[in-house]
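Observations on the model geometry
For reference, the chains in residue letters:
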Amino acid sequence: MAKKQTKKETKKQNKKEKIDKSKKLIEALKNHGAQIYEDLENGEFPKFSIPNRSISNIIYDKKLRQYILGTNTSLRSARNSSQLRSFTQLLWLAFFANKLTHEKKSSTLRDVYYSSQAFAIDFEDQQESDNIIVDLEAVLSQPREDFFVFPEERSSIFGDLTIEYTIPGYEGKTQNLSSHPDGYAIGPSMTSAELSSTSAELVIAIEKGGLFTRFVEEQVDKKFKSIIINTGGQAPRSTRTLLKRLHDEMGLPVVILTDGDVYGEHIAMVIKSGSANAAHLRELTVPDAKWMGVWATDIDKFKLPTIPMTESDIKRCHDLLKDPRYQEGLWKRELEVFTKIKKKAELEAFSKYGLNNITEKYLPKKLEESKSF
Amino acid sequence: MSSKEKFNQISPSEFFYRNRDLAGFSNPTRSLYTAVREFVENSLDACDHSGILPNIHMTIKAVDPEKPDPKQYILTVKDNGPGIPSQHVPLAFGTVLYGSKFGLKQARGMFGLGATMAILYGQITTNKPVKVKSNADGKTRFDYEMLLDIQKNKPVILKKQETSSSEQGLSVSICLDGDYAKAGTKIRDYVYQTSLITPYATISFDDPKGEKFHHKAIIRSMPPAPTIISPHPYGIDVETIRRMLVDTHYQIPNVDDKMIEKVRKELGMAKKKFTYNEIMKKTEKKWKSLTRPVRVVIALMSFLEADFEKLKRIRIEDVDLRNNKLLYWDYSTSETIAADMDVESPYYKQLANTVQGESLTQFLTKRFQRVGPTAAVEFCKFAKFKPETRVGNMTDQELVKLSDALQTYEGFRSPDPTCLAPLGESPLEKGIERRFDPDFMAVIQRTASAYSGFPFVIEMGIAYGGNIESRGTTVYRFANRIPLLYDEGSDVVLKVVKDTDWNRYKVKSDSAPLVIVSHICSTRVPYKTVGKENVADRPEIEKELRLALQFLSRKLSGYMSKKGQAEAAKKRANLYSKYLPLVAQFCTELSGKKKEPDYQKMIKEETAITNTDENKEVEKNG
């Protein structure tokens, strides 16, 4: 009973936080608008100060255990004729984000690109509008999801978790995420929903849709009291936000299961400590998340069929060896083994020993192991 | 052995007939074009040299328009030039190698061969006579119809007619196999480009399809006519020197009655009979006033101790300076007699000088341009010849040495360009302006230079924008006011243009509307082929072309950067006018204000700033 009470309180607190965050965002946008208005009134050229996102200004913060931006900022001024266009684009996006946040309407990256055309804002292609979106993220230090801009969805979730929608038209409606075996897409309505209750004690993030379906079939959710999330390769930001919330709000440990190669290892690392691309953002990481496998050492241990690494695989290994996050422990050890054996194994490789080998044999073993690190 | 038969002599016309490819008559397309060129250029040359503003009318008519090309065409070129005196017409148009263009001055054609070649080609392909109408005095016109006897190199006159007419000029009409369908573009280009480089000429052309092209003269003054001059030491070979020596060599005067009369007259002893001693006495008194031939005759008389009577009876055979003997034939005794010559005698020197020719310094100063007495002496020092060396006495080896030294000596002044007739900067500019009405244009006439002893002048113009429709660099090549249309790729001008790094001059050479007009004037343009279509890359010419192009490119670059700045300023002003209203709109909505901020003054300021920037730039350059 007491526990329930605590949860309710957390919920309330979360709600409040969320409204605060939204208010803060709207406030920030308004302030920027007012500053620019004032500049124009005074006959001065307005400007944005944008944290510099170039490689030289990205540093690894050991304390935060993620990449962050340094103190360098660049000015984008309306005075500079070569910056005037992108200045206007950025201001327009702030204006557009303000509208989305007020109306609580979501927009995809592609939507943004097309919406701009109604305002004579000429983005050359979506790449350009995507870059401006990242600029605004950096200016506001908030992810685009906060101002209702989302990427296309490709990841999904399954398991005993009840959520309560907050988006217009669905407010108060609840949903249990174990009712549909194909899982639920992780979109704006999911990430903005309240996480009401769960019986799960664990979150398993898995890299591949095929394995996700297998896990549902094999009732991994029940057998291991877990929520299963398909990241669909490199986890999108919405998924990482959800993972973080499941960990922070519901107190669930997160384990990650990927292919046994250098890319798999890095998928786990990004969930744990973020990406350089999103160094301007915080609160997207789950520093306590654990990479469960497939490790390089597992390949030999479980006698998995392998594929030789390609040139680019090997290059990627060497690139990551220089990354500060790979300088110690498990991460360093496994990466070095990959680099040495020049072989990789996919999750499906366990099928050699039977379709349920991975859930029956490998998963329990690794879960047990993971408790110790 | 019948090898003798192989050495049958052929006449020049037969030679050209066999080698007509060389002269540009290889096929109906090329032949029609070449024929047009030859006649038009002859007309222009004739007008130029007589100081007449040319008015040339050309027609090409198909004999049977229904037939497909290649077919017979009648080509007529009529001019308002000096015409050709009646008696010269048959030879001028009926023989090969008859012409008036053998002197050293700039002309479009070299020896007037081309027109005869065209006539010959017409005759070979259609067997029709050439029709020439010439009016040289503005009173009478002579009409000829002629064929050319190829073997004998002689005209065969079929018809001759006289009519009175006040219209001076020449009209030539031939019938020939041609392909206008294919040659038409080139011929129209030729006519149009000729008008570009000859802006003082009116040229009209009625083509076989009934189209009329009329290019009116845009200036009323001609460039100064070229003069004939003696050769420059550079570019002289041994053979030329030998021929010049023959000219300078004073022949032993032919002592005939006429000559004797002359001697008597100069001595003032015309009537009576005089003794040898009386003649010699008189000579001493009058020596200074005597002409050179007379002095020579008297010198001869002194050694023969002859009076006028004796002189009449003999013929001088040889002056043998080596043995100091004078050989003569005596009519009265019918034998050759050798008389001794006294080396000490004052007359000896007179005679020796005559036979040995001029001294080397005299020869150089008199026979060549740009060689003064000082230069001649300096040259002799350089070439290790004694200045007083008699050119008549020089051996073959010495002549070779002389010729070589003339090539390598660097002290001669550069050739005299008065034999050249460049168009001039202003007419060139007008020609370009009429055609292209460009946004920017610059012309330059370089000072005269020389290659191998032949003087040349480079004129060049550059034009940008305006009516220039082509994109990329178009080069119009001219040599001695002739457009060069074929074999563009191998021309030295093209090479120079291609070698230029246009980026340095802020020009995108593959997309800019750029025209370059290049004109080379020379007493001898170094064509690569007989077809006269491309200029060979002599280093001296290449250098001049390069300098001319660099000068023009720099001017163009100045224009381009000014243009670039103006465009950038305009672009910037446009940018502010476009984006500032948007900025105002968005920030108003974002900040929740009702009224938009007043940003108009900022746009105005920004445009004003760019304007003053521009003005400053103009002043700086002005």
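Please read these numbers as outputs of a predicted model, since none were measured by experiment.

1. Digging into the overall build of chain A
- Each helix and strand in chain A was counted, giving 13 helices and 17 strands.
- Counting over 373 residues, chain A shows a buried share of 41%.
- Here the contacts in chain A between residues at least 6 apart in sequence split such that 71% fall between residues at least 24 apart.

2. Describing the overall build of chain B
- Secondary structure assignment for chain B yields 18 helices and 17 strands.
- Residue burial in chain B is summarised as follows: out of 622 residues, 38% are buried.
- Counted over contacts in chain B with a minimum sequence separation of 6, partners at least 24 positions apart contribute 72%.

3. Quick notes on unusual backbone geometry
- In the segment running from G293 of chain A into V294 of chain A, the intervening peptide bond is cis, with an omega of 5 degrees.
- Mapping V294 of chain A onto the fold places it in the loop between strand 15 (290–293) and helix 10 (296–301).
- Here the amide bond leading from D69 of chain B into P70 of chain B is cis, since omega sits at -10 degrees, within 30 degrees of zero.
- The backbone phi angle of K104 of chain A is positive, close to 55 degrees, even though this residue is not glycine.
- Its place among the elements puts K104 of chain A in the loop between helix 2 (84–103) and strand 5 (107–108).
- Of note, N480 of chain B is a non-glycine position whose phi angle comes to about 45 degrees, a positive value.
- Inspection of the secondary structure puts N480 of chain B in the loop between strand 15 (472–479) and strand 16 (482–484).
- C-beta crowding within 10 Å serves as the criterion here: with 25 such atoms nearby, N480 of chain B is assigned to the buried category.

4. A closer look at the sheet that holds strand 12 (residues 202–206) of chain A
Residues and elements named next belong to chain A.
- A sheet is described by the order of its strands in space; here six strands give the open sequence 10-7-13-12-14-15, paired in mixed fashion. The sheet is open, and its two edges are formed by strand 10 (184–185) and strand 15, each paired on a single side.
- The pairing of strand 7 (residues 156–158) with strand 13 (residues 226–230) spans three bridges and is antiparallel. Bridge pairing in strand 13 places I157 opposite I229.

5. What about the interface of chain A and chain B?
- Tallying the contact residues gives 22 residues for chain A and 19 residues for chain B.
- Element by element, the count of residues in the side of chain A that touches chain B is highest for helix 1 (residues 2–41) of chain A, at nine residues.
- A breakdown of the residues in the side of chain A that touches chain B according to their chemical character gives 13 nonpolar, six polar and three charged.

6. Notes on helix 2 of chain A
- Along its 20 residues, helix 2 of chain A runs 29 Å from first to last C-alpha, staying within 8% of the 28 Å computed at 1.5 Å per residue.
- Phi turns positive, to about 55 degrees, at K104 of chain A, one or two residues after helix 2 of chain A.

7. Notes on the sheet that holds strand 9 (residues 314–320) of chain B
All names here are of chain B.
- Taken in spatial order, the three strands line up as 9-10-11 in an open sheet, and their pairing is antiparallel. The open sheet has two free edges, formed respectively by strand 9 and strand 11 (335–340), since each of these has just one partner strand. On average, each strand axis in the sheet is tilted by 25 degrees relative to the strand beside it, whichever way the strands run.
- Inspection of the sheet shows strand 9 paired to strand 10 (residues 325–330) by six bridges, in the antiparallel sense. By the bridge assignment, I314 is partnered in strand 10 with D330.

8. Let's talk about the packing of helix 9 (residues 292–304) of chain B against helix 11 (residues 346–356) of chain B
Residue and element names in this part refer to chain B.
- Two elements in contact, helix 9 and helix 11, have axes separated by 9 Å at closest approach and are oriented at 125 degrees. Classified by the interaxial angle, the pair formed by helix 9 and helix 11 is oblique. Classified by chirality, the crossing of helix 11 by helix 9 is left-handed. Side by side, helix 9 and helix 11 meet where R295, V296, A299, L300, S302 and F303 of the first sit next to Y347, Q350, L351 and T354 of the second.

9. A short note on the pairing of strand 1 (residues 47–51) of chain A
Residue and element names in this part refer to chain A.
- The side-chain alternation of strand 1 yields one buried face, formed by F48 and I50, and one unburied face, formed by K47, S49 and P51.
- Pairing of strand 1 with strand 4 (residues 73–77) involves five bridges; the strand directions are antiparallel. If you follow K47 over to strand 4, its bridge partner there is S77.

10. As for the nonpolar core
- Core analysis: the largest hydrophobic core is formed by 64 residues, its most contacted members being F456, M460, I520, L545 and L556 of chain B.
- In terms of residues, this core owes the most to one element, strand 14 (residues 454–464) of chain B, which gives eight residues.
- Shared between two domains, this core holds at least three residues of each, these being domain 2 (238–247 + 358–408) and domain 4 (417–558) of chain B.
- Not counting residues up to four positions away in its chain, the partners in contact with L545 of chain B are I458, V492, V493, V496 and S518 of chain B.
- The next biggest cluster of nonpolar side chains, apart from the first, holds 60 residues, and it includes A200, V220, I271 and M292 of chain A.

11. Comments concerning the pairing of strand 15 of chain A
Residue and element names in this part refer to chain A.
- Across three bridges, strand 14 (residues 254–257) lies against strand 15 in parallel orientation. Bridged to L257 within strand 15 is G293.
- At this point the chain moves from strand 14, through helix 9 (residues 262–273), to the parallel strand 15, and the crossover so formed is right-handed.

12. Re the confidence of the model for chain B
All names here are of chain B.
- Of the residues in chain B, 89% reach a pLDDT of 70 or more, and the chain-wide mean stands at 83.
- Within the model, the stretch residues 97–103 combines pLDDT values under 50 with 15 contacts to residues more than four positions away or in other chains.
- Interface predicted TM-score (ipTM) for the complex: 0.74; the corresponding pTM is 0.53.

13. Considerations on the environment of S452 of chain B
- With respect to the secondary-structure elements, S452 of chain B resides in the loop between strand 13 (449–451) and strand 14.
- Sequence separation of S452 of chain B and H232 of chain B is 220 residues, and the distance between their C-alpha atoms is 8.9 Å.

14. As for the environment of K595 of chain B
- Counting through the fold element by element, K595 of chain B comes out in the loop between helix 17 (539–591) and helix 18 (600–621).
- A C-alpha to C-alpha distance of 9.2 Å links K595 of chain B and Q585 of chain B, two positions ten residues apart in sequence.

15. Observations concerning the confidence of the model for chain A
- Of the residues in chain A, 95% have a pLDDT of 70 or more, and the chain-wide mean is 88.
- Overall, residues 1–5 of chain A carries pLDDT values under 50, and its contacts beyond four positions in sequence, including any with other chains, amount to zero contacts.

16. Regarding the environment of K342 of chain A
All names here are of chain A.
- One can find K342 in the loop between helix 12 (329–341) and strand 17 (343–344).
- Its 13 C-beta neighbours within 10 Å are what place K342 among the partly exposed residues.
- Along the backbone, K342 and I314 are 28 residues apart, and their C-alpha atoms lie at a distance of 7.1 Å.
- Residues within four places of K342 in sequence aside, it is in contact with P308, M309 and I314.

Reading the values: rules and limits
- Per chain, residue numbering runs from 1 following the sequence as it is written.
- All chains are assigned letters beginning at A, and all ligands numbers beginning at 1, according to the order in which they are written.
- Note on the predicted model: pLDDT of at least 70 is required for a residue's local features to be given, and 80 or more for side-chain atom pairs to be given and counted; whole-chain, interface and lining totals, by contrast, use all residues.
- Labels follow the DSSP assignment, with helices taken as runs of H or I lasting at least four residues and strands as runs of E lasting at least two, numbered in each case from the N terminus.
- Counting other C-beta atoms within 10 Å of a residue's own tells you its class, since 20 or more makes it buried, 12 or fewer makes it exposed, and anything in between is partly exposed; those C-beta atoms are placed from the backbone.
- Whether two residues are in contact depends on their C-beta atoms, placed from the backbone: they are in contact if these lie within 7 Å.
- Two strands are counted as paired when DSSP detects at least two bridges linking them.
- Residue polarity is assigned by list, with Asp, Glu, Lys and Arg as charged and Ala, Val, Leu, Ile, Met, Phe, Trp, Tyr, Cys and Pro as nonpolar; anything else, Gly included, falls into the polar class.
- Helix span, expected: 1.5 Å multiplied by one less than the number of residues in the helix.
- A fitted line through C-alpha atoms serves as each axis, taken over the contacting stretch for helices, and the angle formed by two N-to-C directions is quoted from 0 to 180°.
- When describing relative orientation, an angle under 35 degrees is termed roughly parallel and one over 145 degrees roughly antiparallel, while 65 to 115 degrees is termed roughly perpendicular and anything else oblique.
- Crossings are assigned a handedness: left-handed for a near helix turned anticlockwise from the far helix by less than a right angle, right-handed for a clockwise turn.
- By our criterion, buried Ala, Val, Leu, Ile, Met, Phe, Trp, Tyr and Cys residues that link up through C-beta atoms within 7 Å make up a nonpolar core.
- Note: domain ranges come from an automatic or database domain assignment.
- For a crossover, the right-handed case is the one in which the path from the first strand over the helix to the second runs clockwise, viewed with the strands pointing away from the viewer.
- Predictor confidence is given residue by residue as pLDDT, running from a minimum of 0 to a maximum of 100.

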